Amino acid sequence: MIASHLLAYFFTELNHDQAQKIDKYLYDMRLSEETLQEVSQRFGKEMEKGLGADTNPTASVKMLPTFVRSTPDGTEDGDFLALDLGGTNFRVLRVKVSDNGLQKVEMENQIYAIPEELMRGSGVQLFDHIAECLANFMDKLNIKDKKLPLGFTFSFPCHQTKLDESILVTWTKGFKCSSVEGKDVVSMLRKSIKKRGDFDIDIVAVVNDTVGTMMTCGYDDHNCEVGLIVGTGTNACYMEEMRHIDLVEGDEGRMCINMEWGAFGDDGVLKDIRTEFDHEIDMGSLNPGKQLFEKMISGMYMGELVRLILVKMAKEGLLFGGRLTPDLLTTGHFETRYISAIEKEKEGLQKAHEILSKLGLEPSHEDCVATLRICQIVSTRSANLCGATLAAVLRRIKDNKGVERLRSTVGVDGSVYKKHPHFARRLHKTVRKLLPDCEIRFVRSEDGSGKGAAMVTAVAYRLAAQHQARQKILEALKLSHEQLLEVKQRMRMEMEKGLGKETHAEAAVKMLPTYVCSTPDGTEKGDFLALDLGGTNFRVLLVRVRNGMRRGVEMHNKIYSIPVEIMQGTGEELFDHIVHCISDFLEYMGMKGVSLPLGFTFSFPCQQTSLDEGILLKWTKGFKATGCEGEDVVNLLKEAIHRREEFDLDVVAVVNDTVGTMMTCGYEDPYCEVGLIVGTGSNACYMEEMRNVELVEGEEGRMCINMEWGAFGDNGCLDDIRTEFDLAVDELSLNPGKQRFEKMISGMYLGEIVRNILIDFTKRGLLFRGRISERLKTRGIFETKFLSQIESDCLALLQVRSILQHLGLESTCDDSIIVKEVCAVVARRAAQLCGAGMAAVVDKIRENRGLDFLKVTVGVDGTLYKLHPHFSTVMHETVKQLSPKCEVTFLQSEDGSGKGAALITAVACRIREAGQR
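Notes on the structure follow. (Residues numbered from 1 in each chain as written. Predicted model: local features only at pLDDT ≥ 70, side-chain atom pairs only at ≥ 80, totals over all residues. Heavy atoms only, no water.)

### Some remarks on the pairing of strand S6 (residues 158-162)
Both S6 and strand S7 (residues 165-168) contribute to a ladder of four bridges, which runs antiparallel. For His 159, the partnering residue across the bridge sits in S7 and is Ile 167. (Pairing = 2+ DSSP bridges. Helix = DSSP H or I, 4+ residues; strand = E, 2+ residues; numbered from the N terminus.)

Below is the structure:
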């Protein structure tokens, strides 16, 4: 009993000693964690080089774009063919993908041989043979009458320019067909099929087997964004952000990159890690100096590495008693599958004995232990190196996404990964060590080159069909030049109606006279008060206007809140509160008892009968103070001032904020005769000839008209361009049927239009994988500021995704692109409609004055105009196209409701004084 224990112990010690000897001997092949980190970092740099336009030509890792832009989402559906050509046999497959709640894939395939003479004949003969086999396969399945989409796995070095175009760079694997290199293999196959004329197929995609591997796994696991092959050769692919791919136009979305990583190190970056054995293998290979990384890790070379080590050690008398046999000295006689056999847990040493004996050796127990250890070192190094480069790929994906923790899946195929007893485990361990902050799942791929090619085709088909469906829906929101001209003409007609005495009553665009008859001329001077009431806050301002050398405007203001009980109490209480605030402000400014001219910006619907009289038509924005509607607000204010008996003010003007906007800009630019607001709401005003303003007596001079253009279309004149989405937004608004033009262009509604389109897309399965979240059903959740953020050019899709996440919408990269496109279409239409309205206004001014050419400035205010990245540009372009005879400058206004009110008062005082003189 004790003897057997001692013997076992003796053997374990012996094994241990022997293993240590080998470890020492192969010290350079055992890579530390630091070295692996270093390799990983170097590989990251090589990836950068391959992606850059300037550095790609000299990069060893080529990073080829595959034009595969999306992974499967599980909704793929249909009947597909796949063709897999990568060796002496090729396969034809039929793949049925169905998604009726249960994702399932059915496959039938047939293998055809390629005779030796065809591999060396002409290209035309080869493709004719492939077409013939395809015909035979379709005959068998009785599907010749259908035009099925086909994916083509062509596993040779290619330069891809489109998803369905691939130029063969060089033949490999024993193929030598003439006049194919430098040509597109898809068009050659198409020609051969056309020549036969007995069937037709739609070749949708050329696929590399690595990409196929990723796509096959991606169907079952939507987190899969990396494909890896470790078999006879090795390669990897992954989904990269388009903005980093210099070799392809466009910055939106992602594309799969076929890395061709076997060539890592061809430029010398691995020379400190490569051993004498690596050099020897390379020198004896068919392609010296090429694919150096692949030669350190793939199945084609692993057995050979072990053989070279065994030979060297035998030569040095460290193994087999210094004996060599002809078999051991023959290249390729130690196969990679031997390594898998020798490294198996239980029968490993026995297998080593068998294999070494087969090579004509008489191995001792120590020789077998040593051989096992050599196999372990070679295969472990392979798994470690593979893990180091894979970690670099995953780190890049993590950085691209900007996440704390990456959860991702790698689809893997290849005989080494699948058949070696420990390779997969060691690879996973290395990745985990190098990337502790990632959760990576590895999934074995089944038939990447067959099923994968069909998957790429299925995804391409799904994307094309969905794109078409979306474009059809968005078509209604895209306005042609003719449609915009028509909108301009109709706006012009509505303006005429609003100005005419007979037609004013039923006109939708009210064209209200403001009694502002002049813009600033720069000689205004004095101190003025301005009041600004338009919401729950109320401002009092002191505005000092200077002329001459020190020309300019200096402002002081204070903001007061209006409590809800006062907004909804009596009119007296409201105006007493306002006067109390004015009194407080005068005291604060140290100007108690001074009588100043005052301008009152009152942003509620009013009918003006003179500059200092405005009849409130109806309260809006939550105000309900009694005894005000139908009354003159200036009178109500004056009465409150008298009740207080503290100071006297000269109320000179009641002002609308749009007019204020025009006046503020008019002070800076004498050409400014139009005001425009595009913010939460929208409105415009302009200087009209008195002779056209039929509601006011007098023919001389001009008067500013407050158009109230938001109501354009309330009489149905825009019905032909309003979409189902506009109708939905209008129906659920607080004032259905009213302010229709405003609802198509202003900030308050654009987000709602976008939300309605997104819901429609989702219901049709064109977005968010067809899942409508509760949040998306919530009205008003999609604020217009998100439109500005999403469309801002510097914003990566990542940030779009985080905005959507903030809204409780889980989106893929493709979803983000779609949301961005919807935002762009809705905002563009708003800007164009706004431009069409503006074009009608400036052309009217030009015609009023009988000019062939008009130079005019528009003062603009409003958050949409100021904050949206493209709104202003599109609007300016539209005005230019629709009114070519006008040169229109747009000037951003500062504080139209405060400063503007004071300037109107200043102009009125200037005119009044001139009249007195």
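### Topic: helix H6 (residues 209-220)
Spanning 12 residues, H6 covers 18 Å between terminal C-alpha atoms, matching the ideal 16 Å at 1.5 Å per step. With 10 of 12 residues buried, H6 is to be regarded as a mostly interior element. Taken residue by residue, H6 has Thr 210, Val 211, Gly 212, Thr 213, Met 214, Met 215, Thr 216, Cys 217, Gly 218 and Tyr 219 as its buried positions. Between the side-chain oxygen at the start of H6 and the backbone nitrogen of Thr 210 there is a gap of 2.7 Å, and the oxygen is on Asn 208. (Expected span 1.5 Å × (residues − 1). Buried < 20%, exposed > 50% of the residue type's maximum accessible area, 1.4 Å probe, protein only. Polar contact = N/O pair within 3.5 Å; in protein donor to acceptor, adjacent residues only side chain to side chain.)

### Considering a negative patch on the surface
Residues Glu 572, Glu 573, Glu 631 and Glu 639 make up a contiguous surface patch of negative charge. Relative to the elements of secondary structure, Glu 573 occurs in helix H18 (residues 571-588). (Patch = residues over 30% accessible without salt bridge, like charges linked within 9 Å, V, L, I, M, F, W, Y side chains within 5 Å. Areas by Shrake-Rupley, 256 points an atom, 1.4 Å probe, with all protein chains shown as cover. Salt bridge = Lys/Arg side-chain N within 4 Å of Asp/Glu carboxyl O. Lys, Arg positive; Asp, Glu negative; His and termini not counted. Charge placed at Lys NZ, Arg CZ, Asp CG, Glu CD.)

### Things to note about the pattern of salt bridges
Applying the stated criterion across every chain, the model contains 72 salt bridges. A salt bridge links Glu 165 to Lys 162; its shortest N-O distance comes to 3.6 Å. A relative accessible area of 22% places Glu 165 in the partly exposed class. Here Asp 278 ties to Arg 381 by a salt bridge, and the two come within 2.7 Å at their closest N and O atoms. Of the two residues, Asp 278 sits in helix H7 (residues 276-283) while Arg 381 sits in helix H12 (residues 365-401), which places them 103 residues apart along the sequence. Assigned by exposure class, Asp 278 and Arg 381 land together as buried. One connected set of salt bridges, linked through shared partners, spans Lys 488, Arg 492, Glu 496, Asp 843, Arg 846 and Glu 847.

### Focus: the sheet that holds strand S23 (residues 682-689)
Pairing within the open sheet is mixed, and its six strands lie in the order S14-S24-S23-S22-S25-S26. What marks the edges here is a single partner per strand, and that holds for strand S14 (512-513) and strand S26 (886-892). Pairing between strand S22 (residues 672-678) and S23: five bridges, direction antiparallel. Note that in S23 the partner of Ile 677 across the bridge is Asn 683. This element, helix H20 (residues 657-668), spans S22, S23, strand S24 (702-706), strand S25 (854-861) and S26 of the sheet and lies at about 135° to S22. (Contact = heavy atoms within 4.5 Å. Axes fitted to C-alpha atoms, helices over the stretch in contact; angles between N-to-C directions.)

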